[in-house]
Amino acid sequence: MTDNVFTLEALDEAIEREYAPLKFQAGDEEFVLRSLLRVEKKSRDAVIAKLKELDELGDDIDEDTALSTVQFILKAVCADSKGTKLLKVVGDDLLRCMKLLTLWTEATQPGEATDSPS
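Here the structure is a predicted model, which means the values were calculated and not measured.

## Structural notes on unusual backbone geometry
Positive phi is not limited to glycine here, since aspartate 80 has a value of about 60°. Mapped onto the secondary structure, aspartate 80 falls in the loop between helix H3 (63–77) and helix H4 (83–90).

Set out below in structure tokens:
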């Protein structure tokens, strides 16, 4: 009879695979954009509010508001307190910031839930 053993290491590996961050390289610097579930609750709530704001305003949002909103999100999800440095690297280019936000959103989207056995 074989025991079904799942170790702490295996659990961490499974979580890391499912909620892997987006790693962004700029020169010698690497920035880790964490999955939203890996961000502290207060920041996570603020990011969710900003994402909803972007979604609700859609094309009606002005460029300055869009840029500051996207920069807020990128800074909040950047690990190791490197958000300010990340914003300096990508600059005030709205398209660059929006593309990085899109890449982060797609990369950190949790996988589809599997059907539970009946």
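Next comes the rest of the description.
## Let's talk about the side chain of serine 35
Relative to the helices and strands, serine 35 resides in the loop between strand E2 (29–33) and helix H2 (41–57). When sequence neighbours within four positions are dropped, the list of residues in contact with serine 35 reads Tyr19, Pro21, Trp104 and Thr108.

## Examining a negative patch on the surface
The grouping of Asp62, Glu63, Asp64, Asp92 and Asp93 at the surface amounts to a negative patch. For glutamate 63, the position within the fold is in helix H3.

## Structural notes on the confidence of the model for the chain
Model confidence for the chain is summarised by a mean pLDDT of 88, while 91% of its residues fall at 70 or above. When pLDDT is averaged over each helix and strand of the chain, the minimum, 89, is found for helix H1 (residues 8–18) and the maximum, 97, for H4. Counted against residues more than four places away or in other chains, residues 112–118, with its pLDDT under 50, gives zero contacts.

## A word on the nonpolar core
By size, the foremost hydrophobic cluster in this structure holds 24 residues, and its most contacted members are Leu33, Leu74, Leu86 and Trp104. Mapped by element, the contributors of at least two residues to this core are E2, H2, H3, H4 and helix H5 (94–107). Non-local contacts of leucine 33, meaning those with residues more than four positions away in its chain, are made with Pro21, Leu22, Leu74, Val77, Cys78, Leu86, Leu100, Trp104 and Thr108.

Rules behind the numbers
- Residues numbered from 1 in each chain as written.
- Predicted model: local features only at pLDDT ≥ 70, side-chain atom pairs only at ≥ 80, totals over all residues.
- Heavy atoms only, no water.
- Helix = DSSP H or I, 4+ residues; strand = E, 2+ residues; numbered from the N terminus.
- Contact = heavy atoms within 4.5 Å.
- Patch = residues over 30% accessible without salt bridge, like charges linked within 9 Å, V, L, I, M, F, W, Y side chains within 5 Å.
- Areas by Shrake-Rupley, 256 points an atom, 1.4 Å probe, with all protein chains shown as cover.
- Salt bridge = Lys/Arg side-chain N within 4 Å of Asp/Glu carboxyl O.
- Lys, Arg positive; Asp, Glu negative; His and termini not counted.
- Charge placed at Lys NZ, Arg CZ, Asp CG, Glu CD.
- pLDDT = per-residue confidence, 0-100.
- Core = buried A, V, L, I, M, F, W, Y, C linked by side-chain atoms within 4.5 Å.
- Buried < 20%, exposed > 50% of the residue type's maximum accessible area, 1.4 Å probe, protein only.

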